[in-house]
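Commentary on secondary and tertiary structure
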Amino acid sequence: MDLKHDTPTHDTAAPNDAAARSRTYKNVAAVYDLVYETRTEDVEFYVEQVVKAAPRRLAEFGCGTGRVTLKLAERLPDTRIVAVDMDADEVEVLADSLRARGIDTVETHCGLIQDFEAEGLDMAIAPFRVFQHVTDPAEFEACLTRVARSLRPGGVFVFDLFNPSVPLLAKTGRIVSQVFEDGDGNRIERVVDVNERDHFRQTQFVEEDYTVTTPEGETYDLHWHYHTRYYFLGEVVPLVERAGFEVVRIDSDYRGTPFGEGEYPGDLVFHLVRK
């Protein structure tokens, strides 16, 4: 598999499978919001950053199903937002949510970051470790360059990555096991395994597998498999600078704790401006 920009593989209901089409969760994108509904710290952080900047035009890269997008559209009705993601299923979920809420200030775009065409934007964000899915540093730089070119001079870019945990990188196999229940009586069991670690290329293969049990006792499985790459701070800073950004600050969490302070491993939260 080409590891440059890994397209996740996941299950989707077959077009001629009426039973599958009638299920509450036809793919992993449909269950995404349930899994992450309690993860709010980063959403609040990005909403705060955007509200403070008050951009007229904003791009969100890696919008997914709209955890951040929908909050931004509600808080900033005068801001035009372009929401970009390479996963068509997640973009479809977001588009459905926008229609249901009557929001017409968000334009969804399914595609790769380096193919994004825009200029003169006031601000861009890439929440929830979007660039971990870019597994080639040269392509990471190309993505950053495209983001920089989409911004006006002085435009703001905020994104985050994992700060790699050295103890965790020594492990393979199961790292997550969770059970969720929704308001319709469905029970969702989620397990996440990390395998095929390549310590030279800093990549790993992540397998997210879901078993859904309906109120009637029917069970079915959903899968989302993808490669990721972990980046250390020392290799990211030269990439963002060569792409045309100036580093304003780097935090280790969403509360503004400077990198190197706070709990380990924390995150890498970059605050940049286009030169």
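Please read these numbers as outputs of a predicted model, since none were measured by experiment.

Here we take up the overall build of the chain. Scanning the chain from terminus to terminus reveals 8 helices and 12 strands. A compact globule built from 275 residues would reach a C-alpha radius of gyration of about 19 Å, and the chain, at 19 Å, matches this within 12%. Across its three principal directions, the C-alpha atoms of the chain cover 55 × 45 × 35 Å. Out of the 275 residues in the chain, the part that is buried amounts to 52%. Residue pairs at least 24 apart in sequence account for 68% of intrachain contacts in the chain once pairs closer than 6 positions are excluded. Put simply, the chain shows about 13,100 Å² of open surface, and 49% of that area lies on carbon and sulfur atoms. For the chain, the distance from the average position of its 30 positive side-chain charges to the average position of its 50 negative side-chain charges is 5 Å.

Here we come to unusual backbone geometry. Residue Pro 265 follows Tyr 264 across a cis peptide bond; omega there is 0°. A positive phi angle, close to 55°, is found at Phe 128, a residue other than glycine. Positive phi is not limited to glycine here, since Gln 202 has a value of about 60°. Turning to its location among the elements, Gln 202 is positioned in the loop between strand E8 (187–198) and strand E9 (203–213). On the basis of relative accessibility, which here comes to 13%, the residue Gln 202 falls in the buried class.

Glancing now at the pairing of E8. Side chains on a regular strand alternate between the two faces of the sheet. Looking at chain direction, strand E7 (residues 173–181) and E8 are connected through 8 bridges and run antiparallel. Considered in E8, the bridge of Arg 174 is made with Asp 193. Counted along the chain from E7 to the antiparallel partner E8, the turn is 5 residues long, and its residue Gly 185 has a positive phi close to 90°. As defined by bridge partners, E8 adjoins E9 across 10 bridges and the pair is classed as antiparallel. Each bridged residue has a counterpart across the sheet, and for Val 192 the counterpart in E9 is Glu 208.

Structurally, Ala 243 can be placed in the loop between helix H8 (233–242) and strand E11 (245–251). Overall, the relative accessible area of 9% leaves Ala 243 in the buried class. For Ala 243 and Pro 153, which are 90 residues apart along the polypeptide, the C-alpha to C-alpha distance reads 13 Å. Apart from the residues within four sequence positions on either side, Ala 243 is in contact with Glu 141, Leu 144, Thr 145 and Ala 148.

Glancing now at the packing of aromatic side chains. Counted under the stated rule, the structure contains 14 aromatic pairs. Ring geometry for Phe 45 versus Tyr 46: centroids 4.9 Å apart, planes at 80°, classification edge-to-face. Across the pair, exposure class does not vary: Phe 45 and Tyr 46 are buried alike. Arranged with centres 5.3 Å apart and planes meeting at 80°, the rings of Phe 131 and Phe 159 form a pair that is edge-to-face. With Phe 131 in the loop between strand E5 (121–126) and helix H6 (137–150) and Phe 159 in strand E6 (residues 151–162), this pair connects stretches of sequence that are 28 residues apart. Here the aromatic residues Phe 131, Phe 140, Phe 157, Phe 159, Tyr 231, Phe 245 and Phe 270 are joined through ring pairs into a cluster of three or more. Positioned above the aromatic ring of Tyr 231, the side-chain terminus of Arg 229 is 4.4 Å from the ring centre.

Contact geometry of H6 with H8 gives a least axis separation of 8 Å together with a crossing angle of 40°. Viewed along their axes, H6 and H8 adopt a mutual orientation that is oblique. Helix-helix and strand crossings are classified by hand; for H6 and H8 the assignment is right-handed. In this structure, H6 uses Pro 137, Phe 140, Glu 141 and Leu 144 to contact H8, whose residues at the interface are Val 236, Leu 239, Val 240 and Arg 242.

Moving on: the nonpolar core. Side chains that are nonpolar tend, in soluble globular proteins, to be buried together. Membership of the largest hydrophobic core comes to 32 residues, with the highest contact counts inside it found for Phe 131, Phe 140, Phe 157 and Phe 159. Looking at this core, the elements that each hand over two or more residues are strand E2 (57–61), strand E3 (80–85), E5, H6, E6, H8, E11 and strand E12 (267–274). Top contributing element to this core by residue count: H6, with 5 residues. Dropping the residues within four chain positions of it, Phe 140 is found in contact with Phe 131, Val 134, Phe 159, Leu 161, Tyr 231, Val 236 and Leu 239.

Cut-offs applied
Residues numbered from 1 in each chain as written. Predicted model: local features only at pLDDT ≥ 70, side-chain atom pairs only at ≥ 80, totals over all residues. Heavy atoms only, no water. Helix = DSSP H or I, 4+ residues; strand = E, 2+ residues; numbered from the N terminus. Rg over C-alpha atoms; globule rule 2.2 N^0.38 Å. Buried < 20%, exposed > 50% of the residue type's maximum accessible area, 1.4 Å probe, protein only. Contact = heavy atoms within 4.5 Å. Areas by Shrake-Rupley, 256 points an atom, 1.4 Å probe, with all protein chains shown as cover. Lys, Arg positive; Asp, Glu negative; His and termini not counted. Charge placed at Lys NZ, Arg CZ, Asp CG, Glu CD. Pairing = 2+ DSSP bridges. Phe/Tyr/Trp six-rings, centres within 6.5 Å; stacked < 30°, edge-to-face > 60°. Lys NZ or Arg CZ within 6 Å of the ring centre and 35° of its normal. Axes fitted to C-alpha atoms, helices over the stretch in contact; angles between N-to-C directions. Parallel < 35°, antiparallel > 145°, perpendicular 65-115°, else oblique. Left-handed = near helix turned anticlockwise from the far one by under 90°. Core = buried A, V, L, I, M, F, W, Y, C linked by side-chain atoms within 4.5 Å.

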